[in-house]
Amino acid sequence: PTGPAPSSCAGPEKTIMVTVEPEAIVSISNDANLCSGDDTAIVLTSSVVPTAGVISYDVQALSLGAINPPPVFSRTGLSIGTDITDNLINIGTSVAEVQYTITPQLAGAKNSVGCPGTPSIISVFVEPQPAGSFTNTFVTVCEGEALDPANILTTTITPSGTGTVEFSLDNA
């Protein structure tokens with residue numbers, strides 16, 4: 001340090017160590033497509049290794065559709081390796097979405113105040129449960145004739161993307 005003018009006398013040197021921690025990041029899988037009733041499998045990981053403290057995560061979920069029960073929650077202080085497992089049931093007739101906003105925190109850095117990282121959003125799309133109805137409640141066919149399921153079954157649910165809705169008939 002240097003003293004005030006006009007003398008500007010030099011004082012003793014002092015070395016200060018400054019540690020710049022890398023920004024905490026979250027490594028998450030891509031958006032997911034699930035069937036109604038399936039569980040999410042979001043595992044919290046990071047490629048950053050801090051020199052002070054540990055990385056923790058704050059997670060908020062927001063339901064954008066007919067999900068039962070609606071996963072609107074906030075979880076804080078989750079550790080690396082935590083598996084977010086939510087059972088998502090779509091009670092609607094179209095694809096529903098749940099958005100998870102995950103914010104990493106570098107706990108212990110900055111004199112234990114911590115440093116927040118950049119939030120990441122993962123979207124989980126949940127297909128509706130297939131539903132069908134009978135267009136005919138009684139069908140007679142002669143022995144040896146083929147039975148066309150399209151003549152007796154219809155569906156009100158159309159899968160998103162590509163795919164088919166399949167029915168099976170049991171001869172009971």
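For the structure, see preceding data.
Residues numbered from 1 in each chain as written. Predicted model: local features only at pLDDT ≥ 70, side-chain atom pairs only at ≥ 80, totals over all residues. Heavy atoms only, no water.

1. Focus: the overall build of the protein
The helix and strand tally for the protein stands at 1 helix and 12 strands. In the protein, the succession of α and β elements from N to C terminus is β-β-β-β-β-β-β-β-α-β-β-β-β. Counting the 172 residues in the protein, one finds 26% classified as buried. The contacts of the protein with a sequence gap of at least 6 include a subset with a gap of at least 24, amounting to 61%. Of the accessible surface of the protein, which amounts to about 11400 Å², a share of 55% is contributed by carbon and sulfur atoms. (Helix = DSSP H or I, 4+ residues; strand = E, 2+ residues; numbered from the N terminus. Buried < 20%, exposed > 50% of the residue type's maximum accessible area, 1.4 Å probe, protein only. Contact = heavy atoms within 4.5 Å. Areas by Shrake-Rupley, 256 points an atom, 1.4 Å probe, with all protein chains shown as cover.)

2. Structural notes on the packing of aromatic side chains
Enumeration according to the criterion identifies 1 aromatic pair in this entry. Plain terms: the ring middles of Phe73 and Tyr100 are 6.3 Å apart, the flat faces sit at 55° to each other, and that makes the pair tilted. Within this pair, whereas Phe73 is found in strand β5 (residues 73-79), its partner Tyr100 is found in strand β8 (residues 96-107), the two being separated by 27 residues in sequence. Taken as a pair, Phe73 and Tyr100 share a single burial class, namely buried. The ring of Phe73 is capped by Arg75, whose NZ or CZ atom sits 3.9 Å from the centre of that ring. (Phe/Tyr/Trp six-rings, centres within 6.5 Å; stacked < 30°, edge-to-face > 60°. Lys NZ or Arg CZ within 6 Å of the ring centre and 35° of its normal.)

3. Remarks on the environment of Asp83
Looking at the secondary structure, you find Asp83 in strand β6 (residues 83-84). With 39 residues separating them along the chain, Asp83 and Leu44 place their C-alpha atoms 6.5 Å apart. With near-sequence residues (within four places) excluded, Asp83 lies in contact with Ala41, Ile42 and Val43.

4. Observations regarding the pattern of salt bridges
As enumerated under the stated definition, the model contains 1 salt bridge in all. We note a salt bridge from Arg75 to Asp86, for which the minimum N-O separation is 3.0 Å. Remark: Asp86 occurs in the loop between β6 and β7 (89-90) and Arg75 occurs in strand β5; sequence separation between them is 11 residues. The exposure class of Arg75 is partly exposed, given its relative accessible area of 27%. Since its relative accessible area comes to 10%, Asp86 is described here as buried. (Salt bridge = Lys/Arg side-chain N within 4 Å of Asp/Glu carboxyl O.)

5. Quick word on the nonpolar core
Among soluble globular proteins, nonpolar side chains are generally buried collectively. In terms of nonpolar packing, the biggest core is built from 23 residues, with Leu44, Val59, Leu88, Tyr100 and Ile102 touching the most fellow members. At the level of secondary structure, the elements contributing two or more residues to this core comprise β3 (54-64), β5, β8 and β10 (120-126). Looking at which element gives the most residues to this core, the answer is β8, with 5 residues. Every residue in contact with Leu88, bar those within four places of it in the chain, is listed here: Leu34, Cys35, Ser36, Gly37, Asp38, Thr40, Ile67, Pro71, Val98, Tyr100, Val124 and Val126. (Core = buried A, V, L, I, M, F, W, Y, C linked by side-chain atoms within 4.5 Å.)

6. Some thoughts on the side chain of Glu97
Structurally, Glu97 can be placed in strand β8. In this structure Glu97 is buried but unpaired, with Arg75 as the nearest side chain of opposite charge at 17 Å. Among the polar contacts made by the side chain of Glu97, one reaches the side chain of Ser123 at a distance of 2.7 Å. Once you skip the residues sitting within four places of it in the chain, Glu97 turns out to touch Leu62, Ser63, Leu64, Gly65, Ser123, Val124 and Phe125. (Lys, Arg positive; Asp, Glu negative; His and termini not counted. Polar contact = N/O pair within 3.5 Å; in protein donor to acceptor, adjacent residues only side chain to side chain.)

7. Looking at a nonpolar patch on the surface
Residues Ile16, Val18 and Val20 make up a contiguous nonpolar surface patch of about 360 Å² in total accessible area. Looking at the element boundaries, Ile16 is found in the segment before β1 (32-34). Ile16 gets classed as exposed once you look at its relative accessible area, which sits at 66%. (Patch = residues over 30% accessible without salt bridge, like charges linked within 9 Å, V, L, I, M, F, W, Y side chains within 5 Å.)

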